[in-house]
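So the chains spell out like this:
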Amino acid sequence: MEFNVKKLASDAGVFFSRAMQFTEEKLGQAEKTELDAHFENLLARADCTKNWTEKILRQTEVLLQPNPSARVEEFLYEKLDRKVPSRVTNGELLAQYMTEAANDFGPGTPYGKTLIKVGETQRRLGAAEREFIRSASISFLTPLRNFLEGDWRTISKERRILQNRRLDLDACKARLKKAKAAEAKAALWSDEVEKAEHELRLTQTEFDRQAEVTRLLLEGISSTHVNHLRCLHEFVESQTNYYAQCYQFMLDLQKQLGRFSGTFVGNAESASPAAATSPPTVAAATLPAVPTIPVVPTIVGMPNTVAEGVLNPNEVKPPASGTRRARVLYDYEAADSTELALLADEMITVYSLPGMDPDWLIGERGNQKGKVPVTYLELLS
């Protein structure tokens, strides 16, 4: 009991001494031990890293989950070390509504068929979004959180200890200065000077040791940057894959709708005679935007297959000049016999024909020919 009382009294004395030193420094009445310029730069770099990491983390969370209530719920589940419940994405919910609407309107009607097709694509988009969120959370958000909740807390703790060691050191310096001033007036104070010098040596040793520990932790910020850089690359890769999937899904949907859009228009006109009197531009506005192939004059010696909108690979001949090599970026499944299926990383020869849609090229692989999408290729010089 007596030991605890003495310890509490000692701790109170140390706290009071630090408070006095800190207050006098703020008032300009006491000297302060300054850290070297390199150490100050390390501190500033660490603070900058922490501040920007927090901002990037929070905004990425908003990007992945715009709903603030859902973010709070996920945060609470994480703090309680419980599994976050699976949520239906907006795309999946839209797909559900479209499918239910198609069943009510009639899945065999033009509108019902389109709702089902679009709903299937929305479901695939929702699933891709879910996978992107999962991947980004693991590869990007988790490392940022680990830094803020792990390494940064350790750095902050050691910095507080260093601050206390510096206050103790400066307080000892002030006591030694006072003792020497008193010694100059009376030789009886020589014991106080010796005691103050001994305390100064101890506090200086503790300060130097703590400064070295803190310096090593601060220099580790460089490794943190390297780790976060790797995570950023993984985040970009996940986002690229996600948007590539979305683009492919929408291209496929547009092709499917384009194949029977004419049937829909015919059915709509027969079902509603009044609609036939509407201007064609109004009716066209309700249809999905699909690429159109302009009509060009027939070139002598070459079938006008492109102008007619039908490509016969056996009739296409490459131009005398203008062919290029291309590397395939993604797998591509041909929609019909006029297109050429592609495999990622394979090399093919490509060229364009007069009047072709600029989003497409003619691709050749051995004896195989067909249209290929430009977005799936890396054109080589």
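Each remark here, short or long, concerns the structure printed above.
The rules behind each value
- Residues numbered from 1 in each chain as written.
- Predicted model: local features only at pLDDT ≥ 70, side-chain atom pairs only at ≥ 80, totals over all residues.
- Heavy atoms only, no water.
- Core = buried A, V, L, I, M, F, W, Y, C linked by side-chain atoms within 4.5 Å.
- Buried < 20%, exposed > 50% of the residue type's maximum accessible area, 1.4 Å probe, protein only.
- Helix = DSSP H or I, 4+ residues; strand = E, 2+ residues; numbered from the N terminus.
- Contact = heavy atoms within 4.5 Å.
- Pairing = 2+ DSSP bridges.
- Axes fitted to C-alpha atoms, helices over the stretch in contact; angles between N-to-C directions.
- Expected span 1.5 Å × (residues − 1).
- Arc of directions from axis to C-beta.
- Parallel < 35°, antiparallel > 145°, perpendicular 65-115°, else oblique.
- Left-handed = near helix turned anticlockwise from the far one by under 90°.
- Nonpolar A, V, L, I, M, F, W, Y, C, P; charged D, E, K, R; others polar.
- Salt bridge = Lys/Arg side-chain N within 4 Å of Asp/Glu carboxyl O.

Undergrad: Can you help me understand the nonpolar core in this one?
TA: The nonpolar side chains of soluble globular proteins are, as a tendency, buried together. In terms of nonpolar packing, the biggest core is built from 34 residues, with F39, F132, F140 and L218 touching the most fellow members. Those elements that provide at least two residues to this core are helix 2 (37-64), helix 5 (110-185), helix 6 (190-219) and helix 7 (221-259). Of the residues forming this core, the biggest block, 16 residues, is contributed by helix 5. Residues within four places of F140 in sequence aside, it is in contact with I56, T60, C231, L232 and F235. V316, A326, L340 and L361 belong to the second-largest nonpolar core, a separate cluster that totals 18 residues.

Undergrad: Where do I start with the sheet that holds strand 1 (residues 324-328) in this structure?
TA: Think of a sheet as strands paired side by side through backbone hydrogen bonds, with each pair either parallel or antiparallel. Strand order in this open sheet of five strands is 4-3-2-1-5, and the pairing throughout is antiparallel. Pairing within the sheet leaves two strands with one partner each, and these edge strands are strand 4 (368-373) and strand 5 (377-379). Recorded for the sheet is a direction-independent mean angle of 40 degrees between the axes of neighbouring strands. Where strand 3 (residues 360-365) and strand 4 come together, six bridges link them in antiparallel fashion. The residue of strand 4 that forms the bridge with E364 is K369.

Undergrad: I tried to follow helix 4 (residues 90-105) on my own but got confused; where do I start?
TA: Each α-helix winds once per 3.6 residues, and so residues spaced three or four apart point in a common direction. With 16 residues, helix 4 extends 22 Å between its outermost C-alpha atoms, agreeing within 8% with the 22 Å of an ideal straight helix rising 1.5 Å per residue. Restricting attention to buried positions, one finds in helix 4 the residues G91, E92, A95, M98 and A102. The buried residues of helix 4 all sit within an arc of 120 degrees when viewed along its axis, so they share a single face. Those residues of helix 4 that are exposed and aimed more than 90 degrees away from the buried face are N90 and D104. Positioned one or two residues after helix 4, G106 has a phi angle of 110 degrees, which is positive.

Undergrad: Hey, could you run me through the environment of L144 in this one?
TA: Note that L144 resides in helix 5. Remark: the alpha-carbon pair of L144 and T53, spanning 91 residues in sequence, is separated by 6.7 Å. Apart from residues lying up to four places away in sequence, L144 is in contact with T53, I56, L57 and H228.

Undergrad: Can you walk me through the packing of helix 2 against helix 7 in this structure?
TA: Two numbers describe how helix 2 lies on helix 7: the axes approach to 12 Å, and their chain directions differ by 20 degrees. The orientation of helix 2 with respect to helix 7, classified from their angle, is roughly parallel. Of the two elements, helix 2 crosses helix 7, and the hand of that crossing is left-handed. Counted together, R45, A46, T49, T53, T60 and L63 of helix 2 and I221, S222, H225, H228, F235 and Q239 of helix 7 form the full contact between these two elements. Of the residues belonging to the contact of helix 2 with helix 7, the class tally is four nonpolar, seven polar and one charged.

Undergrad: Would you explain the environment of V236 in this entry?
TA: In this structure, V236 sits in helix 7. Here the alpha-carbon distance between V236 and A136, two residues 100 residues apart in the chain, equals 8.8 Å.

Undergrad: Got a minute to help me understand the pattern of salt bridges in this structure?
TA: Opposite charge on two side chains makes pairing possible when the charged atoms of those side chains draw close. With the rule as written, the count across this model stands at 18 salt bridges. When the shortest N-O distance is used, the salt bridge between E92 and R130 registers 2.4 Å. Here the residue E92 occupies a position in helix 4, and R130 occupies one in helix 5, the gap between them amounting to 38 residues. Owing to a relative accessible area of 17%, E92 belongs among the buried residues under this scheme. The class of R130 is partly exposed, set by a relative accessible area of 32%. K369 is the salt-bridge partner of E364, the closest N and O atoms lying 3.8 Å from each other.

Any functional reading would require information that these geometric values do not contain.
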